[in-house]
Amino acid sequence: MSLSFKALSSLRHVPGFPQFTISALLLGTAASFAVPYMPLFARNEAGMSPLLLGIFMTLMSLSGVLISTVLARWSDRGARNKPVMLAAIVSAALGYVLLCTTRSYVPLVLIASVFLGTGAAAFPQLFAFAKTHFALAGEDLADRSMITLRSMFSVAWMLGPAAAAVILEVAGFTGLFLSAAACYLLVGLPLLWARSRPVARTSTPAPVTSTDDAGPKRPLTLVALSFVLFGMSNTMGFIALPLHVTGAMGEPSSTVGWLIGLCAFLEIPFILSFALFSGRFSNERLITLSLGLFVAYFVMMAAAPAVWMLAVAQLIRAAVIAVMTTLGMAYFQELMPNRTSTALTLYANTNSIGAVLAGVVSGAFAQAFGYQAVFVLCAAMTGAAFVLLYVVTRRPAQQPALAPSQASAAD
């Protein structure tokens, strides 16, 4: 216990760690206010059918992928993360304010695509900005700092959805979206005085099927595809959860917030354990195992006769999300060393691309078979992701050959 406390307390000496922790907590709070209730807003306020809802979510996610990719490449070519991150959070705040002004489909699509799509870059840019500061503390402390920073999102999601349900009950979606916008604006305040450090310039990006010489060799396209399938099933399940719980199961919207908050609460010990025991387990093996567990989660969700079983399933989901989000970021950085913004954005974009595909597929599938059947489809797609990553990682990762001088030194 004393060693664990000492390991965590040492993070206070990492440059900028307190400020980035506050910003990460606020960014997670902003997302936890708006994201879980976006499907309910689309259905109850804007009157979207399942298919139109799917198209809406798809276009918002697609724009996020395109915009965040452009901004990441710009950052890795020598730009600074701070102005990019600040522009993203201001755009997200403006987008949620504008959502309060209309319920018409086309304006909502434009607002989501332009403003919320730009806001999607805030997550990877915040972590890329943090990494430039944490690197000054050394590799071990930097890795622990990044993992602990990710835990702030789980802390936010532990309380955010439940608080959002109260705001929704009292002030409606207008109050909810204005609260999310305020949180986004507050994200930048702790970092206004943080020194923006230039990102090291890189050469022309390598093809997506290869990795940098300093990292383990993996077919990056196939790894990314497995993460896309995970992101697709995770998003489809996330869209289906509030609609299934409030529709087929007849529960109030507060139950949705409670389930999401429970999952986030259970994530925290998993994430902190990664910070305390960083490097003791293979990221690849834990990620592959988590995909197998996620299949069991969706089977439980599809078969759940009551809310209590949905609550039990959140333990599995918490472990999976903790692994895929925390170790997933580290894994992509292992595969793409010295290209932090691109690696973090590629990781974030696998989830966004999954969301792009999930929107239309879940909408069409739910319209034909209902939202409970969506969980069955999610189980099948997660199983495909597990098989794909298992095949990719069965072969030992090929580390780059030692230079002659290094080989002789090793002898």
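Residues numbered from 1 in each chain as written. Predicted model: local features only at pLDDT ≥ 70, side-chain atom pairs only at ≥ 80, totals over all residues. Heavy atoms only, no water.

Under the annotation held in an unreviewed UniProt entry, the chain carries the name Sugar efflux transporter and is attributed to Deinococcus malanensis. Under Sequence similarities (unreviewed entry), UniProt gives the following word-for-word description of the chain: "Belongs to the major facilitator superfamily. Set transporter family." Per UniProt, the chain has the following entry under Subcellular location (unreviewed entry): "Cell membrane". (UniProt positions renumbered as here; feature names shortened; annotations may be inferred.)

> Before we go on, may I ask you to explain a nonpolar patch on the surface in this structure?
Together, Leu-51, Leu-52, Ile-55, Leu-59, Leu-62, Leu-66 and Val-360 make up a nonpolar patch on the protein surface, roughly 510 Å² of accessible area in all. Here the element with the most residues in the nonpolar patch is helix H4 (residues 50–76); it accounts for six residues. Among the structural elements, Leu-52 can be located in helix H4. Assessed through its relative accessible area of 34%, Leu-52 is described here as partly exposed. (Patch = residues over 30% accessible without salt bridge, like charges linked within 9 Å, V, L, I, M, F, W, Y side chains within 5 Å. Areas by Shrake-Rupley, 256 points an atom, 1.4 Å probe, with all protein chains shown as cover. Salt bridge = Lys/Arg side-chain N within 4 Å of Asp/Glu carboxyl O. Helix = DSSP H or I, 4+ residues; strand = E, 2+ residues; numbered from the N terminus. Buried < 20%, exposed > 50% of the residue type's maximum accessible area, 1.4 Å probe, protein only.)

> How should the side chain of Thr-325 be read in this particular structure?
In this fold, Thr-325 is placed in helix H12 (residues 307–335). Classification of Thr-325 as buried rests on a relative accessible area of 13%. Of the polar contacts made by the side chain of Thr-325, one reaches the backbone oxygen of Ile-321; its length is 2.5 Å. With sequence-adjacent residues up to four places away left out, Thr-325 is seen in contact with Arg-150 and Tyr-347. (Polar contact = N/O pair within 3.5 Å; in protein donor to acceptor, adjacent residues only side chain to side chain. Contact = heavy atoms within 4.5 Å.)

> Looking at this structure, how should I read the packing of aromatic side chains?
Geometrically, a pair of aromatic rings is defined through the distance of the ring centres and the angle of the planes. Tallying each qualifying case throughout the model produces 16 aromatic pairs. A centroid spacing of 5.2 Å and a plane angle of 80 degrees characterise the contact between Phe-20 and Phe-129, whose relative ring orientation is edge-to-face. Pair noted here: Phe-20 is in helix H2 (residues 17–34) and Phe-129 is in helix H7 (residues 122–134), with a separation of 109 residues, a long-range link. By relative accessible area, Phe-20 is classed as buried at 0%. Taking the centre distance of 5.3 Å and the plane angle of 10 degrees together, the rings of Phe-294 and Tyr-297 count as stacked. In this pair, Phe-294 and Tyr-297 both sit in helix H11 (residues 283–303), three residues apart, roughly one turn of the helix. Classification of Phe-294 by relative accessible area gives buried; the value is 0%. (Phe/Tyr/Trp six-rings, centres within 6.5 Å; stacked < 30°, edge-to-face > 60°.)

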